[in-house]
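# Structure assessment
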Amino acid sequence: MMSYPDTKFVTSAADARQLAADTGREVAFAGRSNAGKSSALNAITEHPGLARVSRTPGRTQLINFFELAPARRLVDLPGYGYAKVPERVRARWHALMEHYFNVRESLAGLMLIVDSRRGVGSQDAAMLEWMLARERPVHILLSKSDKLNRGEAQRVLRETESRWRDPALSVQLFSAHARHGIDEARSVLERWLAA
Ligand code: GDP
């Protein structure tokens, strides 16, 4: 089981020039706001400080970099999908994300947190497709699966898997509250971070 006892905050980036050095390997976590990304980060890493840093006022719209071990980073991407965000801010988010996904050499995989009751939205799909275009893996956590019954959960799992039939995409059900799927998510993170 992983622990990464020396996990530490590295830096926050508001634009392309502020990204952490592009060396080693990193795994990005992304999700619509309220999808359960903070809860997933806490459950998977067991470092409540990670999500806490990202929630600090002023940091929620930034890319937050954490070092789990030397040259091994976890990247918390800014939440998206707020209804009230002005178009200018949305366009800025899109440009920064597109840049990040297109240039990042150390990006080993994307953990995409998607509320299992909402399914994959257009902004989720944009990031997923930037990754698949570069033949980099995406793992979708269908979060809050405790809110669905078995039949509904299996249906959303099948539907999500069949939408992109790409070997670089994997999907699982996940519940931070019910502690379901945590080991599976951890093993994906571990595999991506291993050289
Ligand atoms: P974030 O905005 O994506 O970081 O989402 P949070 O982790 O803060 O969670 C948003 C809301 O969803 C909170 O009210 C959480 O309590 C709730 N939530 C998160 N994970 C789960 C889960 O596994 N099951 C249920 N039922 N609710 C959850």
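## Side note on the overall build of the protein
- Across its full length, the protein carries six helices and seven strands.
- When the helices and strands of the protein are read in sequence order from the N terminus, they spell out β-β-α-α-β-β-α-β-α-β-α-β-α.
- Since a compact globule built from 195 residues should have a radius of gyration of about 16 Å, the 16 Å found for the protein is in line with a globular shape.
- Along the longest, intermediate and shortest principal axes, the C-alpha atoms of the protein span 45 × 40 × 35 Å.
- When the 195 residues of the protein are sorted by exposure, 52% land in the buried category.
- For the protein, contacts bridging at least 24 residues in sequence account for 75% of all contacts bridging at least 6.

## Points about the site of the ligand
- Near the ligand there are 15 residues, and of these N34, S38, S39, R55 and D146 occur at the shortest range.
- Contact between the ligand and A35: an oxygen atom at 3.2 Å from a main-chain N or O atom of the residue.
- Considered on its own, the ligand offers 580 Å² of accessible surface; in the complex 75% of this is hidden by protein.
- Among the cavities detected, the one that contains the ligand is the largest pocket.
- Element by element, the count of residues in the shell around the ligand is highest for helix α1 (residues 37-45), at three residues.
- Partitioned by chemical class, the residues of the shell around the ligand number two nonpolar, seven polar and six charged.

## Description of empty space enclosed by the protein
- Per the stated rule, a full pass over the model turns up one cavity of 30 Å³ or more.
- Its boundaries defined by the atoms lining it, the largest cavity holds a volume of some 90 Å³.
- Forming the walls of the largest cavity are Q61, G79, Y80, G81, Y82, V85, V89, R90, W93 and Q123.
- Take the lining of the largest cavity: its biggest share by element is three residues, from helix α3 (residues 87-103).
- Considering only residue class, the lining of the largest cavity consists of five nonpolar, four polar and one charged.

## Quick look at the packing of α1 against helix α2 (residues 48-55)
- Put simply, α1 and α2 touch, their axes get as near as 7 Å, and they point 155° apart. As the angle between them shows, α1 and α2 are arranged roughly antiparallel. When α1 is examined against α2, the residues S38, L41, N42 and T45 are found in contact with a partner set consisting of P48, L50, A51 and R55.
- Here the residues of the contact of α1 with α2 sort into four nonpolar, three polar and one charged.

## Re α3
- Over its 17 residues, α3 runs 24 Å from end to end, which matches the ideal 24 Å to within 8%, given 1.5 Å per residue.
- Regarding α3, the residues found buried are W93, L96, M97, Y100 and F101. End-on, the buried residues of α3 take up no more than an arc of 125°, which puts them together on one face. Turned more than 90 degrees away from the buried face of α3 sit E87, R88 and R92, all of them exposed.

## Some points on the packing of aromatic side chains
- Scanning the entire structure with this criterion turns up four aromatic pairs.
- By way of ring pairs, the aromatic residues Y100, F101 and W130 are connected into one cluster.

## Brief notes about the nonpolar core
- Ranked by internal contacts, the top residues of the largest apolar core, which has 39 residues, are I63, L77, F101, L110, L112 and I140.
- If you list the elements that add at least two residues to this core, you get β2 (25-31), β3 (63-69), α3, β5 (107-115), α4 (122-133), β6 (138-143), α5 (150-163) and β7 (169-173).
- It is α4 that provides the largest number of residues to this core, a total of seven residues.
- Listed in part, the 24 residues of the second largest apolar core include L41, L68, M111 and L141.

Conventions adopted
- Residues numbered from 1 in each chain as written.
- Predicted model: local features only at pLDDT ≥ 70, side-chain atom pairs only at ≥ 80, totals over all residues.
- Heavy atoms only, no water.
- Helix = DSSP H or I, 4+ residues; strand = E, 2+ residues; numbered from the N terminus.
- Rg over C-alpha atoms; globule rule 2.2 N^0.38 Å.
- Buried < 20%, exposed > 50% of the residue type's maximum accessible area, 1.4 Å probe, protein only.
- Contact = heavy atoms within 4.5 Å.
- Near = heavy atom within 4 Å.
- Polar contact = N/O pair within 3.5 Å; in protein donor to acceptor, adjacent residues only side chain to side chain.
- Areas by Shrake-Rupley, 256 points an atom, 1.4 Å probe, with all protein chains shown as cover.
- 1 Å grid on protein atoms, 1.4 Å probe; cavity = no way out; pocket = protein on both sides within 12 Å on 5 of 7 lines; lining within 4 Å.
- Sits in = over half its atoms within 2 Å of the grid points.
- Nonpolar A, V, L, I, M, F, W, Y, C, P; charged D, E, K, R; others polar.
- Points joined across faces, edges and corners; volume = space filled by probe spheres on them.
- Axes fitted to C-alpha atoms, helices over the stretch in contact; angles between N-to-C directions.
- Parallel < 35°, antiparallel > 145°, perpendicular 65-115°, else oblique.
- Expected span 1.5 Å × (residues − 1).
- Arc of directions from axis to C-beta.
- Phe/Tyr/Trp six-rings, centres within 6.5 Å; stacked < 30°, edge-to-face > 60°.
- Core = buried A, V, L, I, M, F, W, Y, C linked by side-chain atoms within 4.5 Å.

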